[in-house]
Structures are given as structure tokens and as C-alpha cells.
Amino acid sequence: MKPLDDLERRLSLYAAAVAAVFALALNVGGLFEPVPVTRAVIGLVMAAFLVVAARRGSRILTGFAVFLIAFGPWEGAWVVGGPFLVLGMWLWFRGKPSPEEIEERRRARDAKMAERRTARQAGRTGRGRGRSGASAESPSGPKASKRYTPPSTRRR
């Protein structure tokens, strides 16, 4: 997958800010109760995870963080999480390479394989394991086994 571009990175950072605001705004009513405070902390941690993933530029990690926020500890998960689901799907499907990029990679791979094939036929593989003096016209056969046991001449 492709790394995030600048627009996707900015949108992800904005989404992290919105998630942090939601985490605080939806749980401000129970400021001194343990459950709303825990939900707010979890929401802030998920928003921080999204910031780290977006700044890193990893599309898969950012998409995972956005989906995690979409199903976060919100009261109305589908209402609050809907835009995050849309962003996550957009990030993942936009990261898929285009047919032109796939064809370009295929041509580069085929050219590299052809280069290796010609190098191997010429006797030099480029890895230091090939025969440097052998020619392509007269390939040598396999080496003789050193563990050859001649048949016994005596029968019992």
C-alpha cells in the first residue's frame, strides 16, 4: 500500500482532534464519576494513537486507528463513528494501486527477471556463487559423487 499523502495526513490529524473533542464533550457531564472519566481517557488515548499513526504515514495503521475510534466508547457509536468509518474506508480504498502502477511494477519486475536470466546464462549471477569461467555454450554436468561405492566382485 502507498503511504499517506499530505491531504490524507491532514484529514487524519483533524479527525484525531475531533475525536479528542468528542471524548471530552460527551463525557463532561460525569466529571467525577469513574465511568465517564474512563471513557474520556480511552477516547483521548485512541485519538493519540491516530495522531501517531498519521504522523508516521502508515496507511494501514492510520485506517486501523480510525476504525478503532469509530467503534470507540461513545454513547451514540453510529452517529459519532459514522464520519470516522467513512474516513477509514476512504483511506484504505485510496491506498490501492492504480492499474497503471500495477502495470509499471509488472514491467519493472519482468525487466529485472530478464536481466537475471541473461546474467545467469552468461555465467555470472551477481551473487558470488556462479561460475565465472564457464561459457553458455558448454555447460558442465553435475559433479561426480565422492561417496561412490563400486560393486563388489565377489559373490557369496
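Since the structure is predicted, the reported quantities are computational estimates derived from the model, not experimental observations. (Residues numbered from 1 in each chain as written. Predicted model: local features only at pLDDT ≥ 70, side-chain atom pairs only at ≥ 80, totals over all residues. Heavy atoms only, no water.)

Section: the packing of aromatic side chains
Now for step 1: For the structure shown, the criterion picks out two aromatic pairs.
Now for step 2: Centroid distance Phe 49 to Phe 64: 6.2 Å. Interplanar angle 80°. Geometry classified as edge-to-face. Taken as a pair, Phe 49 in helix H2 (residues 34-56) and Phe 64 in helix H3 (residues 59-70) lie far apart in primary sequence, 15 residues in all.
Now for step 3: Pairing Phe 67 with Trp 92 gives two aromatic rings, centres 4.8 Å apart and planes at 70°, and the pair type is edge-to-face. Taken together, the residues Phe 67 in helix H3 and Trp 92 in helix H4 (residues 77-94) connect sequence positions 25 residues apart. (Phe/Tyr/Trp six-rings, centres within 6.5 Å; stacked < 30°, edge-to-face > 60°. Helix = DSSP H or I, 4+ residues; strand = E, 2+ residues; numbered from the N terminus.)

Some points on helix H1 (residues 6-25)
Now for step 1: Helix length check: H1, at 20 residues, gives a terminal C-alpha distance of 28 Å against a target of 28 Å (1.5 Å per residue), a fit within 8%.
Now for step 2: If you check which residues of H1 are buried, you get Glu 8, Ser 12, Ala 15, Ala 16, Ala 19 and Ala 23. When H1 is viewed along its axis, its buried side chains cluster within an angular range of 105° and face the same direction. Within H1, the exposed residues directed more than 90 degrees away from the buried face are Asp 6, Tyr 14 and Val 21. (Expected span 1.5 Å × (residues − 1). Buried < 20%, exposed > 50% of the residue type's maximum accessible area, 1.4 Å probe, protein only. Arc of directions from axis to C-beta.)

Regarding a nonpolar patch on the surface
Now for step 1: A surface patch of nonpolar side chains, amounting to about 510 Å² of accessible area, comprises Met 1, Ile 60, Phe 64, Leu 68 and Trp 92.
Now for step 2: With three residues, the top contributor of residues to the nonpolar patch is H3.
Now for step 3: Here Met 1 shows up in the segment before H1.
Now for step 4: Of the residues examined, Met 1 reaches a relative accessible area of 57% and is grouped as exposed. (Patch = residues over 30% accessible without salt bridge, like charges linked within 9 Å, V, L, I, M, F, W, Y side chains within 5 Å. Areas by Shrake-Rupley, 256 points an atom, 1.4 Å probe, with all protein chains shown as cover. Salt bridge = Lys/Arg side-chain N within 4 Å of Asp/Glu carboxyl O.)

Observations concerning the packing of H1 against H2
For any two helices packed against each other, one specifies the inter-axial angle together with the distance between the axes.
Now for step 1: Contact pair H1 / H2: the axes reach a minimum separation of 8 Å and the direction vectors enclose 170°. By the criterion of interaxial angle, the relationship of H1 to H2 is roughly antiparallel. When H1 is examined against H2, the residues Arg 9, Ser 12, Leu 13, Ala 15, Ala 16, Ala 19, Ala 20, Ala 23 and Leu 24 are found in contact with a partner set consisting of Ala 40, Gly 43, Leu 44, Ala 47, Leu 50, Val 51, Ala 54 and Arg 55.
Now for step 2: Across the contact of H1 with H2, the residue classes break down as 13 nonpolar, two polar and two charged. (Axes fitted to C-alpha atoms, helices over the stretch in contact; angles between N-to-C directions. Parallel < 35°, antiparallel > 145°, perpendicular 65-115°, else oblique. Contact = heavy atoms within 4.5 Å. Nonpolar A, V, L, I, M, F, W, Y, C, P; charged D, E, K, R; others polar.)

Thoughts on the packing of H2 against H3
Now for step 1: Where H2 contacts H3, the two axes come as close as 8 Å, and the packing angle between them is 160°. Comparing their axes, H3 and H2 come out roughly antiparallel. As H2 runs across H3, the sense of the crossing is left-handed. Between H2 and H3, the residues in contact are Met 46, Ala 47, Phe 49, Leu 50, Ala 53, Ala 54 and Arg 56 and Leu 61, Thr 62, Phe 64, Ala 65, Val 66, Leu 68 and Ile 69, respectively.
Now for step 2: Partitioning the contact of H2 with H3 into residue classes produces 12 nonpolar, one polar and one charged. (Left-handed = near helix turned anticlockwise from the far one by under 90°.)

A few points about the confidence of the model for the protein
Now for step 1: Taken as a whole, the protein shows an average pLDDT of 81; of its residues, 87% reach a score of 70 or greater.
Now for step 2: The element-level mean pLDDT for the protein is lowest in H4, coming to 84, with H3 highest at 91. (pLDDT = per-residue confidence, 0-100.)

Looking at the side chain of Thr 62
Now for step 1: Looking at the secondary structure, you find Thr 62 in helix H3.
Now for step 2: Classification of Thr 62 by relative accessible area gives buried; the value is 0%.
Now for step 3: Apart from residues lying up to four places away in sequence, Thr 62 is in contact with Leu 4, Ser 12, Leu 50, Ala 53, Ala 54 and Leu 91.

A closer look at the pattern of salt bridges
Now for step 1: Evaluation of the coordinates by the stated rule reveals six salt bridges.
Now for step 2: In this structure, the salt-bridge partner of Arg 106 is Glu 103, at a minimum N-O distance of 3.2 Å. Of this pair, Arg 106 and Glu 103 both sit in helix H5 (residues 99-122), three residues apart, which is roughly one turn of the helix.
Now for step 3: According to the relative accessible area criterion, Arg 106 is partly exposed, its value standing at 37%.
Now for step 4: The residue Arg 109 makes a salt bridge to Asp 110 at a minimum N-O spacing of 3.8 Å.
Now for step 5: Classification of Arg 109 as partly exposed rests on a relative accessible area of 46%.
Now for step 6: The class for Asp 110 is partly exposed, based on a relative accessible area of 39%.
Now for step 7: Salt bridges linked by common partners bring Asp 5, Glu 8, Arg 59 and Arg 94 together as one network.

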